[in-house]
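What the coordinates show
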Amino acid sequence: MAETTSPHAVDTPADPAPTGLRRTLAARHLTMIAVGGSIGTGLFVASGSTIAQAGPGGALLGYAFIGLMVYFLMTSLGELAAAMPVSGSFASYGARYVEPGFGFALGWNYWYNWAVTVAVDLVAAQLVMAYWLPDVPGVYWSALFLLVIVGLNALSARGFGEAEFWFALIKVIAVIAFIAMGILMLLGIIRGGETGGWHNWTIGEAPFAGGFAALIGVAMVVGFSFQGTELIGIAAGESKDPARNLPRAVRSVFWRILLFYVLAIGVIGLLIPYTDPQLLRNDVSDISVSPFALIFERAGLLAAASIMNAVVLTSVLSAGNSGMYAATRMLYALASEGKAPRIFSRVAVNGVPVLALLATTAVAALCFLSFLFSPKAVYIWLLNTSGMTGFIAWLGIAISHYRFRRGYVAQGGKLSDLPYVSPFFPFGPIFAFVVCLIITLGQNYEAFLSDHIEWSSVAATYIGIPLFLLIWAGYRVLQKSRFVRYADMTFPLRKRG
């Protein structure tokens, strides 16, 4: 029978609206974008320091807990993105289901987040390359990798998708090989695991060391590690058959978290005592302290450090590639909605918003500050300036989904009409919101416990919050926007009889 539409519905055809973007990302691209988004230096390098801080049990609990929260968050995003697949997803959802100024602030926050993150990754690439070629100026590597990333994004959305597919595949193979080797070492099939086993969970304060404060500290690190999983929401605007492929990618989130993080942390905790001094370090410029490299070396793989260095370089380039894509599409979406200069909404014949790409590249060029200052100093400075923005985006997803579902049901919408339904509503978005808020506000809680508060450190950590609120408030004042009532919301309801 013919399709009927709710009076509050907004048509969302499978083919793109006349925006110029093309739906060229296949299911395998979305799956690998989802997988690759959360595998990076947070797992390959920082995982060792989390075990050293909280013990093997504390680290495992932290990764499992935050992983569960991220899974809930991704089911919320999956429901929104499958129903309304647009490139400016977070900004569009926030504006439509919360408040226009909220969406405006979310969009600019997210663009800044990833544009600066690209610069962070390019500086990290300098630090990684210094392992092999310490005498080559780091800015040369940043320039080379920036050209590569811009080139991949300038080709087409499919070019980005293909590059991310292979980047993610390398990371996946590395993690699977690590877990397999670790298990073989524990079973005694491969030498090097003789000192490992359950007794590593009983030494000192194990399995839980450092108490609740250490667990909170681990949650902060883990939260940063998982940032990037929301990229499938941005990619939804250029994916083939998003109603079918997005839910499939979302469902894979739980299993990849279980496999890549929980199993990896479990193996590390069984093979290396949490008191091992080499785990205490967390430095992207010294991959030899990676717990992955340590275990490979103990298995007799002498080239472990070089191999892991190559994997970390792949992770850095993957993050930069994804960041360039996400920031470019967000700026394009803001411009298309009149929330950024219209010039950034222009699209080339291959479906790429080139001017938005160039604007993002200009911000990514902050990586060249390492020509004037120490690469490590620039890396930390850029990382601090963007650290809070990812969590603000997550908070926006949880709020938007909660209000989307409430308004949808209030207008008589049937869940069976949605392409994908989050099975955890309302607990999922509420749980994700509360945990994200705690992590956001607790980023630098230790600063407030000292006798002399270092306000410069506090400002560097929390500057993202007042900036977001200021942008939101400024939009509300200038545009006289108000919160969207449930009765006034519009939904992509598509009833089929």
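Residues numbered from 1 in each chain as written. Predicted model: local features only at pLDDT ≥ 70, side-chain atom pairs only at ≥ 80, totals over all residues. Heavy atoms only, no water.

The number of helices and strands found in the protein chain is 18 helices and two strands. Taken over the C-alpha trace, the protein chain has a radius of gyration of 22 Å; the compact-globule value for 497 residues is 23 Å, and the two agree within 12%. Taking the principal axes of its C-alpha atoms as reference, the protein chain extends roughly 70 × 50 × 45 Å. For the protein chain, the proportion of its 497 residues judged to be buried stands at 58%. Considering only contacts within the protein chain whose residues lie at least 6 apart along the sequence, 82% involve residues at least 24 apart. If you sum the accessible surface of the protein chain, you get close to 19,800 Å²; carbon and sulfur atoms cover 69% of it. (Helix = DSSP H or I, 4+ residues; strand = E, 2+ residues; numbered from the N terminus. Rg over C-alpha atoms; globule rule 2.2 N^0.38 Å. Buried < 20%, exposed > 50% of the residue type's maximum accessible area, 1.4 Å probe, protein only. Contact = heavy atoms within 4.5 Å. Areas by Shrake-Rupley, 256 points an atom, 1.4 Å probe, with all protein chains shown as cover.)

Our focus in this paragraph is the pattern of salt bridges. All told, the structure shown has four salt bridges when counted by the stated rule. Between Arg476 and Glu99 there is a salt bridge, and its shortest N-O distance comes to 3.5 Å. Of the two residues, Arg476 sits in helix α18 (residues 464-479) while Glu99 sits in the loop between α4 (89-97) and α5 (100-129), which places them 377 residues apart along the sequence. Of the residues examined, Glu99 reaches a relative accessible area of 0% and is grouped as buried. The residue Asp488 makes a salt bridge to Arg485 at a minimum N-O spacing of 2.9 Å. Exposure remark for Asp488: the relative accessible area of 46% places this residue in the partly exposed category. (Salt bridge = Lys/Arg side-chain N within 4 Å of Asp/Glu carboxyl O.)

On to helix α8 (residues 211-226), then. With 16 residues, α8 should reach 22 Å at 1.5 Å per residue; the first-to-last C-alpha distance of 23 Å fits that figure. Of all the residues in α8, the buried ones are Ala214, Ile216, Val218, Ala219, Met220, Val222, Gly223, Ser225 and Phe226. (Expected span 1.5 Å × (residues − 1).)

This part covers the side chain of Glu164. Secondary-structure assignment places Glu164 in helix α7 (residues 157-186). In this structure, Glu164 is buried with no salt-bridge partner, the nearest side chain bearing the opposite charge being Lys171 at 4.5 Å. Dropping the residues within four chain positions of it, Glu164 is found in contact with Ile33, Gly36, Ser318, Asn321 and Ser322. (Lys, Arg positive; Asp, Glu negative; His and termini not counted.)

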